[in-house]
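Here's the letter readout for the chains.
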Amino acid sequence: MKNYYFIDCGANEGKDILNFYSNSSKEPKKVNEFQIVAFEANRRLIPKLSNLKSMISNLTIIDKAVSNVDGVVSFRVGRNKYSSSINPAKNNFKVAEEKLIPCIDFSRWLSDNTAEGDYVIVNLDVEGAEYDIVDSLFESGMIGRIKKLYIEFHGLKLDGFPMKREEKMVQDLIDYFGKDVYIYNYYQHEEFLKLNVA
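Since this is a predicted model, take the numbers as computed values, not measurements. (Residues numbered from 1 in each chain as written. Predicted model: local features only at pLDDT ≥ 70, side-chain atom pairs only at ≥ 80, totals over all residues. Heavy atoms only, no water.)

Peer 1: Give me the lowdown on the overall build of the protein chain, citing residues and values where you can.
Peer 2: When helices and strands are tallied, the protein chain shows six helices and ten strands. Scored against the burial criterion, the 198 residues of the protein chain give a buried share of 51%. Taking as baseline every contact in the protein chain between residues at least 6 positions apart, the subset at least 24 positions apart corresponds to 68%. Entry remark: accessible area of the protein chain is about 9,700 Å², with carbon and sulfur atoms responsible for 48%. (Helix = DSSP H or I, 4+ residues; strand = E, 2+ residues; numbered from the N terminus. Buried < 20%, exposed > 50% of the residue type's maximum accessible area, 1.4 Å probe, protein only. Contact = heavy atoms within 4.5 Å. Areas by Shrake-Rupley, 256 points an atom, 1.4 Å probe, with all protein chains shown as cover.)

Peer 1: Residues and numbers for the nonpolar core, please.
Peer 2: Counting residues in each nonpolar core, the largest one holds 34 residues, and the members touching the most others are Ile7, Phe39, Phe106 and Leu173. Listed by contribution, the elements that provide at least two residues to this core are strand S1 (4-9), strand S2 (35-39), helix H3 (106-113), strand S8 (119-124), helix H4 (130-140), strand S9 (148-151), helix H5 (163-177) and strand S10 (181-183). Broken down by element, the residue count for this core peaks at five residues, all from H5. Those residues in contact with Phe106 that sit more than four places away from it in its chain are Ile7, Cys9, Phe39, Val66, Ser67, Val122, Ile133 and Leu137. Core analysis: the next-biggest nonpolar cluster, separate from the first, contains 21 residues, Phe20, Tyr119, Ile121 and Leu195 among them. (Core = buried A, V, L, I, M, F, W, Y, C linked by side-chain atoms within 4.5 Å.)

Peer 1: Now, about the pattern of salt bridges: what can you tell me, with residues and values included?
Peer 2: Any two side chains of opposite charge can pair, on the condition that their charged atoms come close. If you walk through the whole model with that rule in mind, you get ten salt bridges. A salt bridge links Arg165 to Asp135, with the nearest nitrogen and oxygen atoms 2.8 Å apart. Of this pair, Arg165 sits in helix H5 while Asp135 is found in helix H4, placing the two residues 30 residues apart along the sequence. Look at Asp135 and you get partly exposed, because its relative accessible area is 28%. Among the ionic pairs, Lys194 bridges to Glu191, the shortest N-O distance being 2.8 Å. Of this pair, Lys194 and Glu191 both sit in helix H6 (residues 189-195), three residues apart, which is roughly one turn of that helix. Classification of Lys194 as partly exposed rests on a relative accessible area of 42%. (Salt bridge = Lys/Arg side-chain N within 4 Å of Asp/Glu carboxyl O.)

Peer 1: A description of the side chain of Arg145 should follow, citing residues and the corresponding values.
Peer 2: Examined against the element boundaries, Arg145 turns out to sit in the loop between H4 and S9. No salt bridge is formed by the buried Arg145. Its closest oppositely charged neighbour is Glu116, at 4.3 Å. A distance of 2.7 Å separates the side chain of Arg145 from the backbone oxygen of Thr114, its partner in a polar contact. Contacts of Arg145, omitting those with residues within four sequence positions, involve Leu110, Ser111, Thr114, Ala115, Glu116, Asp118 and Val120. (Lys, Arg positive; Asp, Glu negative; His and termini not counted. Polar contact = N/O pair within 3.5 Å; in protein donor to acceptor, adjacent residues only side chain to side chain.)

Peer 1: I'd love a proper account of the sheet that holds S2, names of residues and values included.
Peer 2: Pairing is parallel in the open sheet, where six strands are placed in the order S3-S2-S1-S8-S9-S10. Pairing within the sheet leaves two strands with one partner each, and these edge strands are strand S3 (59-62) and S10. Ignoring which end each strand starts from, the neighbouring axes of this sheet average 10 degrees apart. Contacting S1, S2, S3 and S8, H3 runs over the sheet at an angle of about 160 degrees to S1. The strands touched by H5 within the sheet are S9 and S10, with S10 carrying the most contacts at an inclination of about 155 degrees. (Pairing = 2+ DSSP bridges. Axes fitted to C-alpha atoms, helices over the stretch in contact; angles between N-to-C directions.)

Peer 1: Hey, could you go over the environment of Ser111 for me, with residue numbers and the actual values?
Peer 2: Secondary-structure assignment places Ser111 in helix H3. Residue class for Ser111 comes out partly exposed when judged on its relative accessible area of 36%. Apart from the residues within four sequence positions on either side, Ser111 is in contact with Met142 and Arg145.

What follows is the structure, given as structure tokens:
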């Protein structure tokens, strides 16, 4: 049996999940038939995200960082509760604290929790961790489990980041997904904004 997933990596307070509910009329199933999975590592955001469960019964919240490895990772939380990153090069916020938190290899998680033929939509807004995750998805073949990808890149907010890596990754994703990838400021930007609160 085919399952339907909306997986929000870097779910914040859940606004993108609400946008998915509002703008999902073109999807092959009703939104309440999707399994909604929200990854959010910033524990300060979990209470508001958890409030969505009263409206969205098919919501699962995983309070871990998505990464390209399983284990623990150093997590920097900003003074503003919305700012955080596992990428030490992220430079556009003032760090209030740094601590170790659990992280999940997203490619392995997809392999363990979805099946070939499932309909999987991924929203990836992970503040600089996206590059290693996308590389891992391609290397593992798990990119093939994803039907649609919404992604925001953060290279301009990373100290010393080689933007050629971002430009190549953008092109690789367009070549792979065609019209089924939505990349903030690069490709199908207006469609990206219908889902993602950038």
